[in-house]
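Working through the structure, step by step
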Amino acid sequence: MRSRAYFGRAMALINDNFLKLKAGYLFPEIARRVTAFQQENPEKAARLIRCGIGDVTEALPAASIQAMHEGVDELANRASFKGYGPEQGYAFLREAIAENAYAGLAISADEIFISDGSKCDTGNILDIFGKGNKIAITDPVYPVYVDTNVMAGNTGDADAFGAYEGLVYLKCDAANGFVAPPPAEKVDLVYLCFPNNPTGAVATRAQLEAWVAYALANDTVILFDSAYEAFVQDASVPRSIYEIEGAHRCAIEFRSFSKHGGFTGVRCAYTVIPKTVTGAAGNGERVALHQLWSRRHSTKFNGASYPVQKAAAALFSEEGKAQVAELIKHYMGNASLLREACLAAGLPVFGGVNAPYVWVGCPDGKSSWEMFDLMLHEVQVVITPGSGFGAAGEGWFRISAFNSRANVEEVCRRIGTLLG
Ligand SMILES: *Cc1c(COP(=O)(O)O)cnc(C)c1O
């Protein structure tokens, strides 16, 4: 399909889909405005507190540090040295995950694929799906799901509001508690993320049951991102899609140690594909997605690092679990303080109860970016404008609970002075 002038061309053809991508707008624009503010107000620059980016701030759990050191020491001796490991991940880690994260949920170790991150996994999964699928995402959304579909050629161009032709946008708003119900139309793939980034919303068991029933009725594959499952406090809120009956036939789950164990800089995650989840081949035959991902993973990936997998497995030891619980308690204490401060200022607040993100309505009809500028200029607090996650995020902003307690307490005081 050489639609452009082929003869005489002097260059390699590119993937034109990349040209449809809107410029990486959100975080570069935040950085630009913060830098400009600092240059114009050098005397206030030191007061800046960043609650914008969703990155953890606290030290790794001691159990994982110790295990990582031990892993490194093993590599220092020829007798215990390890080269390439299994592409799917070491059995000790896959078994620890199956026994701990999926206890009682009928997920076996060989249905778990270890990787170096969920961001890559949620993007790479498109390799095993064909062209022409109808794909649904929520709005607001984690931008990776959208941009990877654009790159894969699953969309048309973006409109003036940044919505891509061909995607089905499921609107999340205050009326539905930022949890979209299944659409009336049939879609082939749907991305769900609970607890949600950016809104902090969680889906109830009944809401997830509705999604699984929809998926089974429509032969939809659910791509379930539960990167934030460790933050769920409420025992009635499902942490895994596999807590819902029937999900083993229609759902892939992505999890990460990034937020669970504070591993954003260490890099370790996993994808779960039960052997009973299928898709259709061109001839109509049902094919297990597990075998396709297994082939894909072992062809394009050579395994996560050994000391890192040791460190991840240590999060499931008794000490590791207790230390993770402390870490989560710290961040959720922050989330609770931020929630209270915004509620006290009379703002609409979602999230922050089972998730490290607090999602707040802007006061006085302000737009997300107007609120960003107000917080930056008046009280030197950096937040994330909700509109950066999709059109439905306009009028909202996200505050991250990933911070020190002292910083969060100071942010709460400043919200009080600005809006109280
Ligand atoms: C942080 C995050 C992840 C984890 O990504 P890693 O690549 O494993 O660090 C996945 N999904 C969402 C929505 C996230 O916010």
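That block above? That's the structure.
The structure reproduced in this document is the subject of the present report. Per chain, residues are indexed from 1 in the order of the written sequence. For this predicted model, a pLDDT threshold of at least 70 governs which residues receive local features, and a threshold of 80 or more governs which side-chain atom pairs are given and counted, while totals over whole chains, interfaces and linings are taken from all residues. By convention in this description, side-chain values take in all heavy atoms of the structure and omit both hydrogens and water.

Moving on, we come to the overall build of the protein. Secondary structure summary: the protein contains twelve helices and 15 strands in total. Radius of gyration here is computed from C-alpha atoms only, and the compact-globule reference equals 2.2 Å multiplied by the residue count raised to the power 0.38. Scaling as 2.2 N^0.38, a compact globule of 420 residues should have a C-alpha radius of gyration of about 22 Å, and the protein matches this with 22 Å. By its C-alpha atoms, the protein is 60 × 60 × 55 Å across when sized along the principal axes. Burial classes follow relative accessibility: with a 1.4 Å probe on protein chains only, a residue under 20% of its type's maximum area counts as buried, one over 50% as exposed, and anything between as partly exposed. Each of the 420 residues in the protein was classed as buried or not, and the buried ones make up 51%. In what follows, residue pairs with any heavy atoms lying within 4.5 Å of each other are defined as contacts. A separation threshold of at least 6 residues defines the contact pool for the protein, and within that pool the share at least 24 residues apart is 72%. Only the protein chains shown count as cover for residues, and all accessible areas are computed by the Shrake-Rupley method using a 1.4 Å probe. About 18,500 Å² of surface is accessible on the protein, with carbon and sulfur atoms providing 54% of the total. Computed over 38 positive and 45 negative side-chain charges, the separation of the two mean positions in the protein equals 4 Å. Numbering of helices and strands runs from the N terminus; a helix is a DSSP stretch of H or I covering at least four residues, while a strand is a stretch of E covering at least two. Only four residue types enter the tally: Lys and Arg on the positive side, Asp and Glu on the negative side, with His and both chain ends excluded. Every charge is mapped to an atom, namely NZ of Lys, CZ of Arg, CG of Asp or CD of Glu.

Moving on: the site of the ligand. Any residue with a heavy atom lying within 4 Å of a molecule or strand is counted as near it. Taken together, 14 residues lie around the ligand, and Asp 225, Tyr 228, Ser 256, Ser 258 and Lys 259 are the ones closest in. We call two N or O atoms a polar contact when they sit within 3.5 Å, provided that within protein one can donate a hydrogen and the other can accept it, with sequence-adjacent residues counted only if both atoms are side-chain atoms. Contacts to the ligand include Lys 119, whose backbone N or O atom sits 2.9 Å from an oxygen atom. Relative to its unbound accessible area of 390 Å², the ligand is 94% covered by the protein chains. The distinction between a cavity and a pocket rests on a 1 Å grid over the protein atoms alone: a 1.4 Å probe fits inside a cavity but cannot get out, while a pocket stays open yet meets protein on both sides within 12 Å along at least five of seven lines, and a residue with an atom within 4 Å of a point counts as lining. Whether a molecule sits in a cavity or pocket is decided by its atoms, more than half of which must lie within 2 Å of the grid points. When atom positions are compared with the pocket grids, the ligand is found to occupy the largest pocket. Those elements giving two or more residues to the shell around the ligand turn out to be α4 (118-124) and α7 (257-260).

This paragraph deals with the pattern of salt bridges. In what follows, salt bridge is the name for a side-chain nitrogen of Lys or Arg lying within 4 Å of a carboxyl oxygen of Asp or Glu. Under the counting rule described, the total for this entry stands at 19 salt bridges. The salt bridge involving Arg 255 is made with Glu 229; its shortest N-O contact spans 3.8 Å. Placement of Arg 255 in strand β7 (residues 251-256) and of Glu 229 in the loop between β6 (221-225) and β7 is noted, with a sequence separation of 26 residues between them. You can call Arg 255 buried: its relative accessible area is 3%. Notably, a salt bridge pairs Glu 410 with Arg 414, separated by 2.9 Å at the nearest N-O pair. With Glu 410 and Arg 414 both in helix α12 (residues 405-419) and four residues apart, the pair spans about one turn of that helix. We classify Arg 414 as buried; its relative accessible area is 7%.

Turning to the packing of aromatic side chains, a few remarks are in order. Working definition: rings of Phe, Tyr and Trp (its six-membered ring) pair if their centres are within 6.5 Å, and the pair is stacked with planes under 30 degrees apart, edge-to-face with planes over 60 apart, and tilted otherwise. As enumerated under the stated definition, the model contains 24 aromatic pairs in all. Centroid distance Tyr 145 to Tyr 191: 4.8 Å. Interplanar angle 20°. Geometry classified as stacked. Here Tyr 145, found in helix α5 (residues 143-151), pairs with Tyr 191, found in strand β5 (residues 189-193); they are 46 residues apart in sequence, far enough to count as distant. Accessibility assignment for this pair places Tyr 145 and Tyr 191 in one class, buried. Ring geometry for Phe 178 against Phe 350: centres 5.0 Å apart, planes inclined by 75°, an arrangement best described as edge-to-face. Here Phe 178 is found in the loop between β4 (167-171) and β5, whereas its partner Phe 350 is found in strand β11 (residues 349-351), with 172 residues between them in sequence. Assessed through its relative accessible area of 2%, Phe 178 is described here as buried. An aromatic cluster is built from Tyr 102, Tyr 242, Phe 257, Phe 263, Tyr 270 and Phe 316, whose rings are joined through pairwise contacts.

Take the sheet that holds strand β2 (residues 112-115) next. DSSP-based pairing: two strands are paired if at least 2 bridges between them are found. The seven strands lie next to each other as β2-β8-β7-β6-β5-β3-β4, forming an open sheet whose pairing is mixed. Each edge of the open sheet carries a strand with a single partner, namely β2 and β4. Averaged over all pairs of adjacent strands, the angle between strand axes in this sheet comes to 20°, irrespective of strand direction. Angles shown run from 0 to 180 degrees and are taken between the N-to-C directions of axes, each axis being a line fitted to C-alpha atoms and, for helices, limited to the stretch in contact.

The subject of this paragraph is the sheet that holds strand β14 (residues 384-385). Taking strand neighbours across the sheet as the criterion, the four strands line up as β11-β12-β15-β14 in an open arrangement whose pairing is antiparallel. A single partner strand is all that each edge strand has here, and the edge strands are β11 and β14. Summarising the sheet, strand β12 (residues 357-361) and strand β15 (residues 396-400) pair through five bridges and their orientation is antiparallel. For Val 358, the partnering residue across the bridge sits in β15 and is Ile 399. Contacting β11, β12 and β15, helix α10 (residues 318-344) runs over the sheet at an angle of about 160° to β11.

So, on to the packing of helix α1 (residues 26-40) against helix α11 (residues 368-379). α11 packs onto α1 with a crossing angle of 35° between their chain directions and a minimal axis gap of 11 Å. Relative to α11, α1 is oriented so that their crossing is right-handed. Every residue of α11 that contacts α1 at Leu 26, Glu 29, Ile 30, Arg 33, Val 34 and Phe 37 is listed here: Trp 369, Phe 372, Asp 373, Leu 376 and His 377. Considered class by class, the residues forming the contact of α1 with α11 number seven nonpolar, one polar and three charged. Here is the rule for handedness: rotate from the far helix to the near one, and if that takes an anticlockwise turn smaller than a right angle the crossing is left-handed, while a clockwise turn gives right-handed. Polarity classes work like this: nonpolar for Ala, Val, Leu, Ile, Met, Phe, Trp, Tyr, Cys and Pro, charged for Asp, Glu, Lys and Arg, and polar for all others, with Gly in that last group.

Below, the discussion takes up empty space enclosed by the protein. Grid points are joined across faces, edges and corners, and a volume is the space filled by probe spheres set on the points. Taken as a whole and judged by the stated rule, the model has one cavity of 30 Å³ or more. What lines the largest cavity is simply Thr 138, Pro 140, Val 141, Tyr 142, Tyr 145, Tyr 191, Leu 192, Cys 193, Asn 196 and Asn 197. Broken down by element, the residue count for the lining of the largest cavity peaks at three residues, all from β5. Of the residues that constitute the lining of the largest cavity, the class distribution is seven nonpolar, three polar and no charged.

What follows covers the nonpolar core. Residues belong to one nonpolar core when they are buried, are Ala, Val, Leu, Ile, Met, Phe, Trp, Tyr or Cys, and are joined through side-chain atoms within 4.5 Å. If you look at the biggest cluster of nonpolar residues, it comprises 99 residues, and the most contacted ones within it are Ile 97, Tyr 102, Ile 222 and Phe 257. Note that domain bounds follow an automatic or database assignment of domains. Mapping this core onto the domain boundaries places at least three of its residues in each of domain 1 (24-59 + 320-419) and domain 2 (62-317). Contact partners of Ile 222, with chain neighbours within four places excluded, come to Val 190, Leu 192, Trp 211, Val 212, Ala 215, Cys 250, Ala 251 and Ile 252.

Glancing now at the layout of surface pockets. If you roll a probe as big as a water molecule over the atoms, it shows you where there is empty space left. There is about 1,300 Å³ of room inside the largest pocket. Considering the residues around the largest pocket, the lining is formed by 48 residues, among which Phe 27, Tyr 142, Pro 143, Val 144 and Phe 389 are closest to the centre. At the level of secondary structure, the elements contributing two or more residues to the lining of the largest pocket comprise α1, α4, β3 (135-139), α5 and α7. The element that contributes the greatest number of residues to the lining of the largest pocket is α5, accounting for five residues. Each residue belonging to the lining of the largest pocket can be placed in one class, and the counts come to 26 nonpolar, twelve polar and ten charged. Taken domain by domain, the lining of the largest pocket gets at least three of its residues from each of domain 1 (24-59 + 320-419) and domain 2 (62-317).

Keep in mind these numbers describe shape, not what the thing actually does.
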